[in-house]
Every structure is written in C-alpha cells, then in structure tokens.
Amino acid sequence: MPWWHELIAAGAVPAAFTPPPTTPGTDGAGGTEHADLVEDAELEAHPLPGRSVARLPEAVSFLAGIERWSVVAYDGVVQVVNAYVAAAIRRRDERGLLRTTRERHRGFAIAPLERMKPGLRQRLELAAPDLESIGPELVDQPSRYLDQVEGTVRRARGAIERELAEQWITAARAEEWLVLDGLLSRSPAVARHPRALGVIKSHGAQFLEGRGLERALTLPPGNRTSVFAVRGGHTRTEVYSWYLRLWPWEGNDLLYGLLRVEARSDPETTARATELSGWLWAERAPLATPATRWDRLLYPLHNVEEYLKALAPRDIELRRVSRLPKTGT
C-alpha cells in the first residue's frame, strides 16, 4: 500500500488535482546576470562547419534527470506531496547505442510537518520511507506553497545529478566527454573539468543586453555567438558560455531552437567553441520528438529522459483531473 493511502485511511482528504508538469533544466531565476566577453570586441555570430564535417568524440556520455510530483492528500489546507526524482548517465558505444553506466533515483514525501494534526503527522512519519519537511509559512497561500514544493523537488533532482556528474569525473575514460542537461556550474569540480559541457534549454536568466542581446536572440541556425564569461548570481564557479541556434526561429519565436552552452573557464574553450558547437549541432538528429521542447533537446539527452521515464513508478504520473461535477451518465 502506498504511504499516502495510510494517511488517507487515518483521516486525510484524498487529492484529485495535480499541477501541470514543471519545466526541467531551468537557467536560474529571472533577472540579469553578470557576463564579460572573452571573444571578439562585441558579440558576434560565428558560423559552424557543415554537419558532414562535424567531429563527434569517440567516447561521450550524456547525463539527464527527471522530476515528478503530485499532491496526494490534504490535512485541512495542508497539501501533502508525493515526489520522485531520478537521473542517469548513458554512454554511447562504438555502434552508436546508449548504455546506462550510472543511475540514481529518490521517491519521497513532502509536507510542512509543523502544520499537520498530530495524528496525521505521526502516521505520515511512520508510513513514508523518505520524508522531507518544509517550512509552514506558505501553507495558507496554496500557489506560493506549491512553488516552494517545486523548488524542493528541483533541488533534490539537482543533488543527484551533481552526485552522478562528480562520480563520472573520478571514473571517466581518457578523452571521454560528458554532456549534461543543465548548468555545468552547479558543481565546482564539474565546472573545471576540461571535457564537460552543460547544455541549457531554458532561458530564465539574461546575460546580455542591447545589441549583443539582439544578435543572440536572432542568431541564425548553424551559428554560435561569441564566448562570454559568466560569474556571480546563481553560478558558484565561473564558466565560459555561448548561445547556439539549432533551428530557424523565424515563424516560431526568439527562443526556438536556442541553447546556451557552458564549459570550463579556459582559453582552450574559446579556441574550440566552434568545433564543440558543430558537434552539438550534429546531435540534434534524430529529432527528440515527441518531447514538447524537441527544438532545444539534443536527441541523446532525450534518450536518457525516456529511459528514466520507463523506470519511473506509475503511481506518480502527473495528470490533470476534470473539476466538473460527476454525473450518472
């Protein structure tokens, strides 16, 4: 019996509505971050070599994660959440097939224990194998409370992704690369590795302004921007970064097919930015459909996500349930 069934049996009210899926791979909070150009006098567009001449590393691994959560019970206005996060690294073999080398997952309950009735709190603490208590301050503001839950789940996912990336560093083969879905700068050790790349497909933080921003947002497909250094804000370790356009934005929107890449803060990164971008550009095929953001999702990272989804427990599928009253017809 799932732990929340025991909670409901003890008097909690079952939940029938789940929030929509959260967006993984965020580029940090909104706002402007500090960045300095390390290539060119002003931000420029650099064309990539054709896909036929792109050099793909012989040894490369891909790291991605997933997160799921849903409200499963109510103790008055207290919303009790069931959450699941998972991450995996898959290495591409000599035949081009991806095989899992490392994997982590965590299923846990989230609740503001201080606001729960003593009986229900005790039942939850006994029934849930992994329980994370969050502050009670936002319980009476349901929307903000769910934002707090979302942040808690995202941090849990980030923790296992960081753990896997740091384990990869200690065991990586010579000349093997790691491409991870998200911020390279989450971990100082990973951010300083010479063969690690972070691929960010959400653009919550703004690093450029004025003409440079316009050039980045209207970047043609098959081009990258100049390299710039990112420091401060949500990044704890300086990294070099640039934007890369995979698909034409005209007829779609300015962020369509736009990635931001993070790599080690080192002159070699700048020297190899075009080469590395050409490789990532080649990874856009086959298409990462039916993912909703296939235009910014490299296929190998999509493959890791699909692998994790296949292993995820079915009792925490995110879903919407109609709020219309049920009838007898």
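Residues numbered from 1 in each chain as written. Predicted model: local features only at pLDDT ≥ 70, side-chain atom pairs only at ≥ 80, totals over all residues. Heavy atoms only, no water.

## Quick look at the overall build of the chain
This is how the line gets drawn: What counts as a helix is a DSSP run of H or I of at least four residues, what counts as a strand is a run of E of at least two, and both are numbered from the N terminus. Only protein chains enter the accessibility calculation, which uses a 1.4 Å probe; a residue is then buried when its area is under 20% of its type maximum, exposed when over 50%, and partly exposed in between. With residues, only the protein chains shown are counted as cover, and all accessible areas are computed by Shrake-Rupley using a 1.4 Å probe.
In terms of regular secondary structure, the chain is built from seven helices and 15 strands. Taken over 329 residues, the chain has a buried fraction of 50%. A total of about 15400 Å² of accessible surface is found on the chain, and carbon and sulfur atoms cover 52% of it.

## A closer look at unusual backbone geometry
Backbone phi values are negative for most residues with the exception of glycine, while trans is the configuration of most peptide bonds. One non-glycine residue, Asp40, lies in positive phi territory at about 75°. Considering the arrangement of structural elements, one finds Asp40 in the loop between β3 (34–37) and β4 (45–47). Look at Glu175: it is not a glycine, yet its phi comes out positive at around 75°. Tracing the chain through its elements places Glu175 in the loop between α3 (142–171) and β9 (177–181).

## Regarding the side chain of Arg260
Worth spelling out the cut-off: Here a polar contact means two N or O atoms within 3.5 Å. Within protein one must be a hydrogen donor candidate and the other an acceptor candidate, and residues neighboring in sequence count only if both atoms are side-chain atoms.
One can find Arg260 in strand β15 (residues 258–264). Looking at Arg260, its side chain comes within polar contact range of the side chain of Glu262, at 3.1 Å.

## What to know about the packing of aromatic side chains
Applicable threshold: Two aromatic rings, drawn from Phe, Tyr or Trp (for Trp, its six-membered ring), form a pair once their centres lie within 6.5 Å of each other, and the interplanar angle then sorts them: stacked below 30 degrees, edge-to-face above 60, tilted otherwise. In this scheme, Lys NZ or Arg CZ marks a charge over a ring once it lies within 6 Å of the ring centre and within 35 degrees of the ring normal.
Per the stated rule, a full pass over the model turns up six aromatic pairs. Judged by centre distance (5.5 Å) and plane angle (85°), the ring pair of Trp3 and Trp4 falls under edge-to-face. Here Trp3 matches Trp4 in class, with each residue buried. Measuring from centroid to centroid gives 5.7 Å for Trp177 and Trp279, while their planes differ by 75°, and the two rings are edge-to-face. Of this pair, Trp177 sits in strand β9 while Trp279 is found in helix α6 (residues 267–282), placing the two residues 102 residues apart along the sequence. Both residues of the pair, Trp177 and Trp279, count as buried. In textbook terms, an aromatic cluster arises when at least three aromatic residues are bridged by ring pairs, as seen for Phe207, Phe228 and Tyr243. The ring centre of Tyr307 lies 4.5 Å from the NZ or CZ of Arg90, which sits over that ring. Taking NZ or CZ as reference, Arg106 lies 4.0 Å from the ring centre of Phe108, over its face.

## Some details on empty space enclosed by the protein
Taking a probe equal in size to a water molecule and rolling it over the atoms shows the remaining empty space. The condition is simple: A cavity here means a set of 1 Å grid points, computed over protein atoms only, where a 1.4 Å probe fits but cannot escape. A pocket is an open set with protein on both sides within 12 Å along at least 5 of 7 lines, and lining residues have an atom within 4 Å of a point. Grid points are joined across faces, edges and corners, and a volume is the space filled by probe spheres set on the points. When residue character is reported, Ala, Val, Leu, Ile, Met, Phe, Trp, Tyr, Cys and Pro are called nonpolar, Asp, Glu, Lys and Arg charged, and the others, Gly included, polar.
Counting across every chain of the model gives two cavities of 30 Å³ or more. The computed volume of the largest cavity comes to approximately 80 Å³. Leu63, Glu161, Arg162, Ala165, Leu180, Asp181, Leu183, Leu184, Arg186, Ser187 and Val190 together form the lining of the largest cavity. Taken together, the elements giving at least two residues each to the lining of the largest cavity come down to α3 and β9. For the lining of the largest cavity, the leading source of residues is α3, giving three residues. Each residue belonging to the lining of the largest cavity can be placed in one class, and the counts come to six nonpolar, one polar and four charged.

## Brief notes about the pairing of strand β10 (residues 196–200)
The condition that has to hold: The pairing criterion for strands is at least two bridges between them, as found by DSSP.
In terms of residue burial, β10 counts as a mostly covered element, since five of its five residues are buried. Of the two faces of β10, the one holding Ala196, Gly198 and Ile200 and the one holding Leu197 and Val199 are both buried throughout. Pairing of β10 with β15, which is carried by three bridges, proceeds in the antiparallel orientation. Residue pairing in the sheet places Ile200 in a bridge with Arg260 of β15.

## Details of the confidence of the model for the chain
We apply this condition: Per-residue confidence from the predictor is reported as pLDDT, a score between 0 and 100. Contact criterion: two residues are considered in contact whenever any of their non-hydrogen atoms come within 4.5 Å of each other.
On average, residues of the chain score 87 in pLDDT, and 87% of them reach the 70 mark or higher. Within the model, pLDDT remains below 50 along residues 17–26, and this stretch shows 31 contacts once partners closer than five positions in the same chain are excluded. The low-confidence segment residues 319–324, where pLDDT is below 50, has seven contacts with residues more than four positions distant or belonging to other chains.

## Points about the nonpolar core
Rule in force here: Buried Ala, Val, Leu, Ile, Met, Phe, Trp, Tyr and Cys residues that are joined via side-chain atoms within 4.5 Å together make up what is termed a nonpolar core.
In terms of nonpolar packing, the biggest core is built from 55 residues, with Trp3, Leu7, Val80, Ile110, Met116, Leu124 and Val149 touching the most fellow members. Leave out the neighbours within four places in its chain, and Trp3 touches Val72, Val80, Val81, Asn82, Ala109, Leu124, Ala127, Ala128 and Pro129. Val227, Leu280, Leu301 and Ala312 belong to the second largest nonpolar core, which has 35 residues in total.

## Concerning helix α2 (residues 118–127)
Formally: Here, the arc refers to the directions that run from the helix axis to the C-beta atoms.
Looking only at α2, the buried set comprises Leu120, Leu124 and Ala127. The arc that holds the buried residues of α2, viewed along the axis, is 75°, so those residues lie on one side. Away from its buried face by more than 90 degrees, α2 exposes Pro118, Gln122 and Leu126. Among the structural elements, α1 (3–9), β5 (60–75), β6 (78–92), β7 (98–111) and β8 (131–133) are those in contact with the buried residues of α2.

## Some points on the environment of Glu6
Following the sequence through the fold, Glu6 ends up in helix α1. Owing to a relative accessible area of 29%, Glu6 belongs among the partly exposed residues under this scheme. In sequence terms Glu6 and Arg123 are 117 residues apart; their C-alpha atoms lie 7.3 Å from each other. Each residue touching Glu6, except ones within four places of it in the same chain, is listed here: Met1, Arg123 and Ala127.

## Brief notes about the side chain of Arg284
Formally: Within this scheme the basic residues Lys and Arg register as positive and the acidic residues Asp and Glu register as negative, but His and the chain ends are omitted. The rule for a salt bridge is simple: a side-chain nitrogen of Lys or Arg has to be within 4 Å of a carboxyl oxygen of Asp or Glu.
Mapped onto the secondary structure, Arg284 falls in the loop between α6 and α7 (299–311). The side chain of Arg284 is buried and forms no salt bridge, while Glu283, the nearest opposite charge, is found at 10 Å.

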